[in-house]
Amino acid sequence: MVNDIAPEDRRAEVISSYYIACFLGNAVPVIGVGIVSTLYDPLIASISFACTIAVFSIAALWFGVRRRPRKM
């Protein structure tokens, strides 16, 4: 979808940015959990990861509700 709406001369940049964002979205949490597991305990790493995801989910819901179009 993104590739279809991007201008033809910028499609490579757009798709590269998309792949970088996807890679970081997958890699950063795994690396973070691995570091916390090494330093502390796997249970603490799992709980901190779950809490972080919960906070991000609540923030996304909050921003989604704030930006929702108002009915007239």
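I will try to describe carefully the structure that is included in this document. (Residues numbered from 1 in each chain as written. Predicted model: local features only at pLDDT ≥ 70, side-chain atom pairs only at ≥ 80, totals over all residues. Heavy atoms only, no water.)

**Considerations on the packing of aromatic side chains**
Stage number 1. Here the structure, examined in full by the defined rule, presents two aromatic pairs.
Stage number 2. Their ring planes at 55° and their centres at 5.9 Å tell us that tyrosine 18 and tyrosine 19 sit as a pair that is tilted.
Stage number 3. Here tyrosine 19 falls in the exposed class, since its relative accessible area comes to 54%.
Stage number 4. Judged by centre distance (4.9 Å) and plane angle (70°), the ring pair of tryptophan 62 and phenylalanine 63 falls under edge-to-face.
Stage number 5. Exposure remark for tryptophan 62: the relative accessible area of 47% places this residue in the partly exposed category.
Stage number 6. Its relative accessible area of 44% is what places phenylalanine 63 among the partly exposed residues. (Phe/Tyr/Trp six-rings, centres within 6.5 Å; stacked < 30°, edge-to-face > 60°. Buried < 20%, exposed > 50% of the residue type's maximum accessible area, 1.4 Å probe, protein only.)

Any link to function would need more than the numbers given here.
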